[in-house]
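One-letter residues, chain by chain:
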Amino acid sequence: MPEDRARAVKKFVSDFIVEIALVVAVAVYLLMAQGQSVGENLTFTMVGAGLMAIATFWTLHTARKGLEVIALRLHPSK
């Protein structure tokens with residue numbers, strides 16, 4: 001089923017774009033936090049922890065989608 005494979009690839013590409021945006025957001029956060037110690041500004045620390053948790057979740061989500069694309073390419077439908 002080529003449409004399943006094409007749909008999986010489109011989902012993976014869109015998820016990968018979001019992944020890149022999250023990695024950039026974490027990098028910007030880390031640059032902004034360079035001079036601060038953890039807990040100095042509780043709101044800033046909580047935003048960073050939340051951002052890193054979302055980035056970690058999305059990385060695992062994107063990896064699952066990537067494995068799905070690989071599986072569809074290796075084992076085409078009968």
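One structure accompanies this document, and this report is about it.

### Overview of the overall build of the chain
- Secondary structure assignment for the chain yields two helices and zero strands.
- Scaling as 2.2 N^0.38, a compact globule of 78 residues should have a C-alpha radius of gyration of about 12 Å, whereas the chain reaches 17 Å, well beyond that.
- Each principal axis of the C-alpha atoms in the chain carries an extent, and together these give about 60 × 15 × 15 Å.
- Within the span of the chain, comprising 78 residues, buried residues form 19% of the whole.

### Some thoughts on the pattern of salt bridges
- Scanning the entire structure with this criterion turns up one salt bridge.
- Across the pair Glu 68 and Arg 64 runs a salt bridge, and its minimum N-O distance is 3.9 Å. Taken together, the positions of Glu 68 and Arg 64, both in helix α2 (residues 42-74) and four residues apart, correspond to about one turn of that helix.
- Classification of Glu 68 as partly exposed rests on a relative accessible area of 30%.
- On the accessibility criterion, Arg 64 (46% relative accessible area) is partly exposed.

Conventions used here
Residue indices begin from 1 for each chain and proceed along its sequence in written order. For a predicted model such as this one, the threshold for reporting local features is a pLDDT of at least 70, and the threshold for listing and counting side-chain atom pairs is 80 or more; totals across whole chains, interfaces and linings nevertheless cover every residue. Only hydrogens and water are set aside; all other atoms, that is, all heavy atoms of the structure, feed into the side-chain values. Numbered from the N terminus, helices here are DSSP runs of H or I no shorter than four residues, and strands are runs of E no shorter than two. Within these notes, the globule rule equals 2.2 Å times the number of residues to the 0.38 power, and the radius of gyration is based on C-alpha atoms. When a residue's accessible area, from a 1.4 Å probe over protein chains only, is under 20% of the maximum for its type it is buried; when over 50% it is exposed; and in between it is partly exposed. By convention in these notes, a salt bridge is any Lys or Arg side-chain nitrogen within 4 Å of a carboxyl oxygen on Asp or Glu.

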